[in-house]
Amino acid sequence: MRIYVLTLFPKMFEGPFSESVLGRAQDKGIVEIVIRNIRDYATDRHRTVDDYPYGGGAGMVMKPEPLFAAVEAVRKEIASGTEEGATEDGPIILLTPQGRLFSQKSAVTLAAEKELILICGHYGGVDERIREHLATDEISIGDYVLSGGELAAMVIVDAVVRLVPGVLGSEESALGDSHMSGLLQHPLYTRPQSFRGWDVPQPLLSGNHAQIARWRREQSILRTLKRRPDLLENALFSPQEKRMVEEMRRDASK
Ligand SMILES: C[S@@+](CC[C@H](N)C(=O)[O-])C[C@H]1O[C@@H](n2cnc3c(N)ncnc32)[C@H](O)[C@@H]1O
């Protein structure tokens, strides 16, 4: 998989993209992350990337020309590339607080792509023609406003890359993570068995795999019911679990 990030602040990515899972994914050659400076695609003498908003008001607006040129150059590069399965119509994602909310489901979908192009806005935002005629998708990472799309791009890249097959070792599989099955993950414990008088729950010490799996599933459902009951509406349950959820709901409302 190859991910292109178009930004005015390439240095922001140096630390986050070179450490931990993202660093290892690139070292293993499973993922290539290419950071492009949008300013390199500005053609005037001052390499201008932003300008005042028509109609006045606060906040500079990112100009369309450098961003269109940057995306077109990347698309050309993809088209001429030899990477197996390379497509020229992968998503061009504009990071914006006005986009659809990013979720684990979005991450799973994006992890199946061969190429992603992420556009980081800055200042007051980007010229509307970028949204209308360049981006194929608009994503927000939450209902708050960041100074730029860089942190949002990092969040998305991290969540996506860890789902690409081969990136996580079997010991750190993403399958049991919160939100993968529509539920929150069960509580986790490690040694020592007793810490300051707080003990590890008995089922986890039983050595009985069926009992452990049952305990974890129950805890996962219980935790979701307590913290994020909204998630239960879309989670998949066996008939027996459905009855259990109803019982837990009744107990919780007492
Ligand atoms: C200060 S914001 C501009 C916000 C814009 N004036 C608005 O109200 O929609 C600058 C840039 O940060 C990025 N950004 C800010 N909040 C974001 C969020 N919640 N999700 C994704 N990107 C965000 C976008 O790329 C945006 O163009």
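I will try to describe carefully the structure that is included in this document.

About the thresholds
Residues numbered from 1 in each chain as written. Predicted model: local features only at pLDDT ≥ 70, side-chain atom pairs only at ≥ 80, totals over all residues. Heavy atoms only, no water. Phe/Tyr/Trp six-rings, centres within 6.5 Å; stacked < 30°, edge-to-face > 60°. Buried < 20%, exposed > 50% of the residue type's maximum accessible area, 1.4 Å probe, protein only. Helix = DSSP H or I, 4+ residues; strand = E, 2+ residues; numbered from the N terminus. Contact = heavy atoms within 4.5 Å. Near = heavy atom within 4 Å. Polar contact = N/O pair within 3.5 Å; in protein donor to acceptor, adjacent residues only side chain to side chain. Areas by Shrake-Rupley, 256 points an atom, 1.4 Å probe, with all protein chains shown as cover. Core = buried A, V, L, I, M, F, W, Y, C linked by side-chain atoms within 4.5 Å. Salt bridge = Lys/Arg side-chain N within 4 Å of Asp/Glu carboxyl O. Pairing = 2+ DSSP bridges.

### Considering the packing of aromatic side chains
In step 1: Tallying each qualifying case throughout the model produces 2 aromatic pairs.
In step 2: Between the aromatic rings of F13 and F17, the centroid separation amounts to 5.1 Å while the plane-to-plane angle is 50°, which identifies the pairing as tilted. Each member of the pair, F13 as well as F17, is classed as buried.
In step 3: Pairing F195 with W198 gives two aromatic rings, centres 5.9 Å apart and planes at 50°, and the pair type is tilted.
In step 4: You can call W198 exposed: its relative accessible area is 58%.

### With respect to the side chain of R36
In step 1: By the element assignment, R36 lies in strand β2 (residues 32–37).
In step 2: Residues within four places of R36 in sequence aside, it is in contact with Y4, V5, L6, T7, Y41, V74 and E77.

### A short note on the site of the ligand
In step 1: L95, Q98, G124, Y144 and L146 are the nearest of the 20 residues found near the ligand.
In step 2: T96 is positioned with one of its backbone polar atoms (N or O) 3.4 Å from a nitrogen atom of the ligand.
In step 3: Between the ligand and G142, the relevant distance is 3.0 Å, taken from a nitrogen atom to a main-chain nitrogen or oxygen of the residue.
In step 4: Look at the ligand: alone it shows 590 Å² of surface, and the protein chains cover 82% of it.
In step 5: Where the shell around the ligand is concerned, the elements lending two or more residues are β5 (92–101) and β7 (137–140).
In step 6: With 4 residues, the single largest contributor to the shell around the ligand is β5.

### Details of the nonpolar core
In step 1: In this structure, I3, V5, V31, L95 and V160 are the most contacted members of the largest nonpolar core, which totals 33 residues.
In step 2: Elements with a contribution of two residues or more to this core: β1 (2–7), α2 (20–27), β5, α4 (104–111), β6 (115–120) and α6 (150–161).
In step 3: It is α6 that contributes the most residues to this core, 8 residues altogether.
In step 4: Grouped together as the second largest cluster of nonpolar side chains are 21 residues, I38, L67, I117 and L134 included.

### A few points about the pattern of salt bridges
In step 1: Inspection of every chain in the model, using the stated rule, returns 14 salt bridges.
In step 2: When salt bridges with common partners are traced through the structure, they connect E128, R131 and E138 into a single cluster.

### Notes on the pairing of β6
In step 1: Across the 6 residues that make up β6, a large majority, 6, are buried.
In step 2: Pairing analysis gives 5 bridges linking β1 to β6, with the strands arranged parallel. Its bridge partner lying in β6, L6 is registered against I119.

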